[in-house]
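The residues making up each chain are set out below.
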Amino acid sequence: MTQTQPSSGFQQIDREGLVQRVAKLLSKAIISGKLAPGARLSESVVARELGVSRAPVREAARLLESSGLVRSEPNRGFFVRQVSIKALNDLYELRLAIETAVVERLVQNWNDEIEEALSAQVAELHRVATEEADIFTQVEADMQFHRLMCTGSDNPKFLQVFEQVAIETEFSIMLIGQLYDDPTRIAETHEPILEALRARDATKAVSAIRYHISEAQRIVIDQFRLLEEGKTST
């Protein structure tokens with residue numbers, strides 16, 4: 001007797017921007033934990049549930065492989081990537097390099113439009129914290145602040161690289177479950193960055209972003225280590 005595989009709840013989509021839309025749906029499923037680390041991406045199952053052929057699913061999986069969310073194995077297919085402490089350290093080191101350069105450019109390019117956008121995003125971070133939004137919404141709001149910084153730097157290469165590391169950052173935070181016991185801390189940790197940028201003080205801005213990312217790195221690594229220790233003890 002053939003067992004029916006449980007539905008993951010995907011909705012059918014049209015043909016426009018098919019590969020990108022499939023990739024977005026899959027990345028959200030991975031980041032939110034619907035598809036766990038090590039899980040196999042079944043092209044046939046995903047294709048059936050989305051109402052598309054297997055080809056765009058395969059191309060979408062290739063995109064996710066390049067962004068670091070999945071890995072491929074010859075003759076076996078695609079699997080959600082397992083996370084390691086080294087990979088997490090590599091990720092945050094890359095973020096430090098990129099975002100240090102970003103804030104230096106932002107100080108030079110600072111204007112009312114950038115200030116308005118970043119101030120509004122800090123307000124949004126406070127809003128999603130006080131309204132007890134889920135962690136996925138809070139992390140997306142966090143990444144949007146950093147995305148707006150990259151956009152304001154007026155260097156599209158910064159934004160291009162950030163989009164890749166943002167996906168991996170969201171994945172790592174969702175994996176450990178939270179950054180802070182009090183979600184308002186996520187919003188508060190962005191305020192020194194904004195204050196330094198408003199003052200157009202490059203030294204303080206670099207110091208603020210380095211502290212912000214290094215502290216997030218420390219918390220993520222510590223929480224991930226505890227998570228791994230819990231697995232080995234069971």
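Note that the structure is a prediction, hence the values are computed from the model and not measured. Counting from 1, residues in each chain are numbered in the order their sequence is written. Local features in this predicted model are restricted to residues of pLDDT 70 or higher, and side-chain atom pairs are both shown and tallied only at a pLDDT of 80 or more, whereas totals for entire chains, interfaces and linings draw on every residue. The side-chain figures draw on all heavy atoms in the structure; neither hydrogens nor water molecules are used.

**Observations concerning the overall build of the chain**
Now for step 1: Secondary structure assignment for the chain yields 10 helices and three strands.
Now for step 2: Strands here mean DSSP runs of E at least two residues long; helices mean DSSP runs of H or I at least four residues long; both are numbered from the N terminus. Shown N-terminal to C-terminal, the secondary structure of the chain runs as helices and strands in the order α-β-α-α-β-β-α-α-α-α-α-α-α.
Now for step 3: Principal axes of the C-alpha set define a box for the chain whose edges measure 70 × 45 × 35 Å.
Now for step 4: The buried label applies to any residue whose accessible area, calculated with a 1.4 Å probe on protein chains only, is under 20% of its type's maximum; exposed applies above 50%, and partly exposed to all values in between. Counting every position in the chain, which comprises 234 residues, the buried fraction comes to 44%.
Now for step 5: Residue pairs in contact within the chain that sit at least 24 positions apart in sequence constitute 73% of those at least 6 positions apart.
Now for step 6: With an accessible surface of roughly 12500 Å², the chain has 50% of that area assigned to carbon and sulfur atoms.
Now for step 7: Taking the average location of the 27 positive side-chain charges in the chain and that of its 35 negative ones, the two points are 8 Å from each other. Every residue pair with non-hydrogen atoms within 4.5 Å of one another is taken to be in contact. Per-residue and other accessible areas follow the Shrake-Rupley method at a 1.4 Å probe size, with only the shown protein chains counted as cover for residues. Only four residue types enter the tally: Lys and Arg on the positive side, Asp and Glu on the negative side; His and the chain ends are excluded. Positions of charges follow a simple convention, taking NZ of Lys, CZ of Arg, CG of Asp or CD of Glu.

**Brief notes about the domain arrangement of the chain**
Now for step 1: An automatic or database domain assignment supplies the start and end points of every domain. Parsing the chain into structural domains produces domain 1 (18–80) and domain 2 (85–233).
Now for step 2: For domain 1 versus domain 2, the distance between C-alpha centres works out to 26 Å.
Now for step 3: With 10 residues of domain 1 in contact, the opposing surface of domain 2 contributes eight residues.
Now for step 4: Between domain 1 and domain 2, roughly 800 Å² of surface is buried when both sides are summed, and carbon and sulfur atoms account for 79% of that area.
Now for step 5: The term buried area refers to how much accessible surface (probe radius 1.4 Å) is lost by two components on association, counted for both of them together. Together, Ile31, Ser67 and Leu69 form the three largest contributors to the area buried by domain 1 at its contact with domain 2, with a combined 57%.
Now for step 6: One side-chain nitrogen of Lys or Arg within 4 Å of one carboxyl oxygen of Asp or Glu is enough to make a salt bridge. Run the count over domain 1 and domain 2 and you get zero salt bridges.
Now for step 7: Polar contact is defined as a pair of N or O atoms within 3.5 Å, subject to the rule that within protein one atom must be able to donate a hydrogen and the other to accept it, and that residues adjacent in sequence are counted only when both atoms are side-chain atoms. For the pair domain 1 and domain 2, the number of links is zero residue pairs in polar contact (both at pLDDT 80 or more).
Now for step 8: It is helix α1 (residues 18–31) that contributes the most residues to the side of domain 1 that touches domain 2, three residues altogether.

**Considering the sheet that holds strand β3 (residues 77–80)**
Now for step 1: Reading across from one edge, β1-β3-β2 is the order of the three strands in this open sheet, with antiparallel pairing throughout. Every other strand in the sheet has two partners, leaving β1 (40–41) and β2 (70–73) as the edge strands with one partner each.
Now for step 2: Here, a strand pair is defined by DSSP locating no fewer than two bridges between the strands. Here four bridges tie β2 to β3, and the two strands are oriented antiparallel to one another. By the bridge assignment, Ser72 is partnered in β3 with Phe78.
Now for step 3: Convention adopted: a line fitted to C-alpha atoms gives each axis, helices being fitted over their contacting stretch, and angles between N-to-C directions are expressed from 0 to 180 degrees. Here helix α3 (residues 54–66) sits on the sheet and contacts β2 and β3; the angle it forms with β2, its principal contact strand, is near 115°.

**Examining empty space enclosed by the protein**
Now for step 1: Here the term cavity refers to a set of points on a 1 Å grid, laid over the protein atoms alone, in which a 1.4 Å probe fits but cannot get out; the term pocket refers to an open set having protein on both sides within 12 Å along at least five of seven lines, with lining residues being those that place an atom within 4 Å of a point. Grid points are joined across faces, edges and corners, and a volume is the space filled by probe spheres set on the points. Here the structure, examined in full by the defined rule, presents three cavities of 30 Å³ or more.
Now for step 2: Every residue lining the largest cavity is counted, 13 residues in all, and those nearest its centre are Arg95, Asp142, Leu179, His212 and Ala216.
Now for step 3: Residue assignment for the lining of the largest cavity shows that the elements contributing at least two residues are α4 (85–109), α6 (135–152), α7 (156–176) and α10 (202–233).
Now for step 4: When residues are grouped by polarity, Ala, Val, Leu, Ile, Met, Phe, Trp, Tyr, Cys and Pro land in nonpolar, Asp, Glu, Lys and Arg in charged, and all others, Gly among them, in polar. In terms of residue class, the lining of the largest cavity is made up of seven nonpolar, four polar and two charged.

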